[in-house]
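Structure at a glance
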Amino acid sequence: MMTSSATFRRRWMPLALAAPQLLIVFLFFFWPAWKAIWWSFHLVRPFGNGSVFVGAENYLRILGDESFYSSLQATVIFTAGSVLLAIFIALLLAGCVQLNLRGRKIFRHFFIWPYAVAGAALGVMLKFFINPVLGPMAVVNSLWPGLWDPHLNGSEAMLALIFAFAWTQVPFNFVVFVAALQTVPDDYLAAAAIDGAGPVRRFFDIQLPLIAPFAFFAAVINVIEAFTHSFGLVDTLTQGGPGGATNILVYKIFSDGFVGLDLSGSSALSVIMMLCIVVLTALQFHFFSDRMGYER
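A brief structural summary. Not measured: the values here are computed from a predicted model.

1. Here we look at the pattern of salt bridges
- Taken as a whole, this structure holds three salt bridges when the rule is applied.
- When the shortest N-O distance is used, the salt bridge between Arg61 and Asp262 registers 3.0 Å. Of the two residues, Arg61 sits in helix α2 (residues 57-63) while Asp262 sits in the loop between α12 (249-259) and α13 (263-292), which places them 201 residues apart along the sequence.
- With a closest N to O distance of 3.2 Å, Asp256 and Lys252 form a salt bridge. Pair noted here: Asp256 and Lys252 are both in helix α12, with a separation of four residues, about one helical turn.

Structure follows, in structure tokens:
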């Protein structure tokens with residue numbers, strides 16, 4: 001079997017081709033991360049009037065603030081609820097699409113479309129939908145007064161936020177699960193069908209265990225997305241309210257740094273959130289990678 005590989009006459013050519021991408025990664029990833037770490041150990045004055053090294057004072061101040069723990073609790077509830085819901089819905093849709101149903105190819109493309117909707121745009125649309133006075137939920141409140149009001153009830157606001165973010169993650173998980181189900185050998189399913197197993201039994205006993213590594217991959221990606229890419233949705237849908245019930249970490253970083261002008265505290269909080277993501281991802285790999293078929 002013959003193989004071919006690209007060769008360059010000049011040694012600097014590969015570096016020149018990779019330089020634009022490396023520059024983008026440095027400017028938009030490594031440099032901001034380094035500046036956040038540097039600011040977290042300094043007291044940065046607003047409007048660029050210098051800074052003073054204060055060591056771990058910013059971290060101690062955050063760890064002694066009750067609002068940090070309430071924000072962390074809201075983040076855990078939001079992440080767990082949205083990830084589990086997004087994976088469940090996507091797995092259900094992928095399983096239905098795999099069945100020999102009429103029009104399944106149309107639904108396969110239709111379920112991917114929500115991934116193109118930005119979180120901020122979705123938040124604006126859902127803000128009208130969940131409005132207890134002007135939106136469709138006003139009909140429910142007219143029948144049962146006070147049943148739904150996310151502007152006053154923190155649990156209802158968090159529930160709306162969880163459903164909204166899960167809706168944005170379902171298309172990605174759906175694509176992953178559809179691709180995963182196509183890797184299951186047809187011989188296994190045919191043998192199970194001969195033994196009398198129905199579609200539901202074949203799914204739980206054969207397909208689901210075989211696509212477990214794909215589900216683990218989707219869960220890790222969804223957790224990272226929930227921590228980092230939920231700002232636009234929170235900002236347009238709930239603004240962290242009511243009473244800080246949906247003030248998750250990524251939004252608290254924004255509100256503390258850009259609204260409260262606490263640049264040092266928000267930088268330290270961003271570092272803490274980064275460590276939370278690293279630790280949570282490591283724990284996922286530690287406890288679930290062996291069961292899912294991954295090698296460490």
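This is not the end of the story, as more comes after the structure.
2. Description of the packing of aromatic side chains
- This structure, assessed with the given rule, holds ten aromatic pairs.
- When the ring of Phe203 is compared with that of Phe204, the centres are 5.4 Å apart and the planes differ by 85 degrees; the resulting orientation is edge-to-face.
- Centroid distance Phe231 to Tyr251: 5.7 Å. Interplanar angle 25 degrees. Geometry classified as stacked. You can see Phe231 sitting in helix α11 (residues 231-237) and its partner Tyr251 sitting in helix α12, a full 20 residues away along the chain.
- If you follow Lys35 out to its NZ or CZ, it ends over the ring of Trp38, 4.9 Å from the centre.

3. Describing the side chain of Thr75
- As for its placement among the helices and strands, Thr75 is situated in helix α3 (residues 66-98).
- Note on Thr75: relative accessible area 2%, which makes it buried.
- At 2.8 Å, the side chain of Thr75 and the backbone oxygen of Ser71 are in polar contact.
- Contact partners of Thr75, with chain neighbours within four places excluded, come to Phe227, Ile248 and Leu249.

Parameters and conventions
Residues numbered from 1 in each chain as written. Predicted model: local features only at pLDDT ≥ 70, side-chain atom pairs only at ≥ 80, totals over all residues. Heavy atoms only, no water. Salt bridge = Lys/Arg side-chain N within 4 Å of Asp/Glu carboxyl O. Helix = DSSP H or I, 4+ residues; strand = E, 2+ residues; numbered from the N terminus. Phe/Tyr/Trp six-rings, centres within 6.5 Å; stacked < 30°, edge-to-face > 60°. Lys NZ or Arg CZ within 6 Å of the ring centre and 35° of its normal. Buried < 20%, exposed > 50% of the residue type's maximum accessible area, 1.4 Å probe, protein only. Polar contact = N/O pair within 3.5 Å; in protein donor to acceptor, adjacent residues only side chain to side chain. Contact = heavy atoms within 4.5 Å.

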